[in-house]
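# An overview of the molecular structure
In case you want the letters, here they are:
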Amino acid sequence: MSKLQLKNIHKNYGTTAVVNDLSLELRQGELVTLLGPSGCGKTTTLRMIAGFIELTAGAIAMNGQEISGAGRTVPPEHRGMSMIFQSYAIWPNMTVAQNVGFGLDVRRTPAAQAKRRVHEMLEVVHLQHLAHRYPAELSGGQQQRVALARAMVVRPEVLLLDEPLSNLDANLREEMANEIRRLHDEFRFTTVYVTHDQSEAMTISDRIAVLNLGRLEQIDTPWNLYNRPHTPFVAGFIGRTNLVSASLRAGRITLDGLQGEVPVEQAADAAATGDARDRADARVSIRPQSLYLGEGAPVAPGALPMGPVSVVSRTYLGEYWDYVVQPLGGGETLKVHAPPSSVLEIGHQSQLSVDPRGVAVVS
Ligand SMILES: Nc1ncnc2c1ncn2[C@@H]1O[C@H](COP(=O)(O)OP(=O)(O)OP(=O)(O)O)[C@@H](O)[C@H]1O
Ligand SMILES: [Mg+2]
């Protein structure tokens, strides 16, 4: 039995479908992230799970019991869930310890037990030494940890986190993302996590649900989303990519403007989608780091020759060169990542090759 199940849920505001036929299942102890651009319906979905917003259609079940649906809506305070809101708030007039203990007071937990649990939880988030400080005396990351501790101390059935790291700078965000994953490995609360940041999602999640315009594009492990994207949107949202027109014939992919072919069974998505029907209007995702520039034969093991290209523009990013190349046979320009030592001038002609594992048919 799944811990939490969303069954074809819809939310309309007027005639606008903000969440459109979304189905998801979380196993006990699983951390699933809702990932997508601003306005795609992440917060709305989380609030429906928490019971703050009614569904237009569909149902939500927890432990096999319906908690939201046509006939019945269990109020938020009876769902056993904890939620951190997007604009997370900790009470400024309470100390760290009082903030963390608040949910236990509301649940009338005996004082000695509450004190012990607050103390344990502050240790978990490394804030025991700040228990008597007020929020104004804490850094952003420390406040965020208070919010997390407050949500987890009540041992929720389901933990709902709406962009809990959005107010932090990049370094602290990465540190806190690793911290949340560590806490998850320790406590295994079934968790729905919301973010629009793909690297944060990949750090934290067991599985990621990619949403676009209120619809589920794909739910999968971080590895599969990157290596086996099913749609152009997923390929473009998770990491950088080239979306190229192609035709499929007799199990071979011909990329527009390029000379070579990629056997479908060598491409990354063959096993996942199985969509190798012959057609002239396919779209293919090719990762920039799966393309190579060199003279003569392919420079990487297993790479397939794709013909000549010339360098149109280039950007040095320290860890790699970001080249844009134009196939001499026409077709769309391509982004190619090359090692820092691979210095090519604009206008330089080179032979392009591709590692077929970085190629995925996405439509
Ligand atoms: N009460 C409301 N009435 C009308 N439209 C709403 C309401 N609440 C949200 N929306 C619209 O629903 C869409 C989804 O909103 P939601 O807050 O779920 O997005 P989100 O994915 O969380 O975005 P963000 O990443 O910016 O937080 C948006 O276009 C928003 O304007
Ligand atoms: Mg939101």
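These remarks concern the structure in this document. Quick caveat, the model's predicted, so the values are computed rather than measured.

What follows deals with the overall build of the protein chain. When you go through the protein chain residue by residue, the secondary structure sums to nine helices and 20 strands. Judged by the C-alpha coordinates and their principal axes, the protein chain covers about 75 × 50 × 35 Å. Across the 363 residues of the protein chain, 51% fall into the buried class. For the protein chain, the exposed area adds up to about 16600 Å²; of that, 50% sits on carbon and sulfur atoms. Of the charged side chains in the protein chain, 34 are positive and 37 negative; the average position of the first set lies 6 Å away from that of the second.

Around ligand 1 sit Y13, V18, P37, S38, G39, C40, G41, K42, T43, T44, Q86 and E163, and those are all the residues in its vicinity. Residue K42 places a side-chain N or O atom 2.7 Å away from an oxygen atom belonging to ligand 1. In this structure, an oxygen atom belonging to ligand 1 sits 3.5 Å away from a side-chain N or O atom of E163. With the chains in place, 58% of the 650 Å² that ligand 1 exposes on its own is no longer accessible. Per-element tally for the shell around ligand 1: the top contributor is helix 1 (residues 42-50), with three residues. For the shell around ligand 1, a count of residues per class yields four nonpolar, six polar and two charged.

One pass over the structure, following the stated rule, counts 15 salt bridges. As a salt-bridge pair, R116 and E120 come within 3.4 Å of each other at their nearest N and O atoms. Within this pair, R116 and its partner E120 are both found in helix 3 (residues 111-124), separated by four residues, close to a single helical turn. Residue classification places R116 among the partly exposed positions, given a relative accessible area of 44%. Between D206 and R181 there is a salt bridge, with its nearest N and O atoms 3.2 Å apart. With D206 in the loop between helix 6 (198-204) and strand 9 (207-212) and R181 in helix 5 (residues 170-187), this residue pair connects regions lying 25 residues apart in the sequence. For D206, a relative accessible area of 24% puts it in the partly exposed group. Where salt bridges share partners, they join R181, D185, R188 and D206 into one cluster.

This next bit is on the pairing of strand 5 (residues 65-68). Bridge count between strand 4 (residues 57-62) and strand 5: three bridges; the pairing is antiparallel. Residue I60 lies in a different strand from strand 5, and its bridge partner there is S68. Hairpin connection between strand 4 and strand 5: a loop of two residues separates the two successive antiparallel strands, and N63 in this loop has a positive phi of roughly 50°.

Spatially, the six strands line up as an open sheet ordered 6-7-8-3-9-10, and their pairing is mixed. Unpaired on one side and paired on the other, strand 6 (81-84) and strand 10 (215-220) mark the two borders of the sheet. Here the strands of the sheet are splayed against their neighbours by 15° on average, with no regard to which way each runs. In this sheet, strand 10 lies alongside strand 9 in antiparallel orientation, the contact comprising five bridges. Bridging across to strand 10, V210 finds its partner in Q218. Lying over the sheet, helix 4 (residues 140-152) contacts strand 6 and strand 7 (158-162), oriented at roughly 170° with respect to strand 6.

This part covers the environment of G103. Residue placement: G103 occurs in helix 2 (residues 96-106). A relative accessible area of 11% means that G103 is categorised as buried. Residues G103 and A151, spaced 48 residues apart in sequence, show a C-alpha to C-alpha distance of 7.9 Å.

With that settled, the discussion passes to the packing of aromatic side chains. A full pass over the atoms with the stated rule returns six aromatic pairs. Measuring from ring centre to ring centre gives 5.6 Å for F187 and F189, while their planes differ by 5°; the resulting arrangement is stacked. A relative accessible area of 11% means that F189 is categorised as buried. Judged by centre distance (5.1 Å) and plane angle (55°), the ring pair of Y316 and W321 falls under tilted. A residue is classified by how much of its surface remains accessible, and W321, at 10% relative accessible area, is buried.

By the secondary structure assignment, S68 is in strand 5. As a C-alpha pair, S68 and H10 span 58 residues in sequence and 12 Å in three-dimensional space. Once you skip the residues sitting within four places of it in the chain, S68 turns out to touch M48, L55, G58, A59, I60, T73 and R79. Reaching out from S68, the side chain makes a polar contact with the side chain of R79 at a distance of 2.8 Å.

What counts, and where the lines are drawn
Residues numbered from 1 in each chain as written. Chains lettered and ligands numbered in written order. Predicted model: local features only at pLDDT ≥ 70, side-chain atom pairs only at ≥ 80, totals over all residues. Heavy atoms only, no water. Helix = DSSP H or I, 4+ residues; strand = E, 2+ residues; numbered from the N terminus. Buried < 20%, exposed > 50% of the residue type's maximum accessible area, 1.4 Å probe, protein only. Areas by Shrake-Rupley, 256 points an atom, 1.4 Å probe, with all protein chains shown as cover. Lys, Arg positive; Asp, Glu negative; His and termini not counted. Charge placed at Lys NZ, Arg CZ, Asp CG, Glu CD. Near = heavy atom within 4 Å. Polar contact = N/O pair within 3.5 Å; in protein donor to acceptor, adjacent residues only side chain to side chain. Nonpolar A, V, L, I, M, F, W, Y, C, P; charged D, E, K, R; others polar. Salt bridge = Lys/Arg side-chain N within 4 Å of Asp/Glu carboxyl O. Pairing = 2+ DSSP bridges. Axes fitted to C-alpha atoms, helices over the stretch in contact; angles between N-to-C directions. Contact = heavy atoms within 4.5 Å. Phe/Tyr/Trp six-rings, centres within 6.5 Å; stacked < 30°, edge-to-face > 60°.

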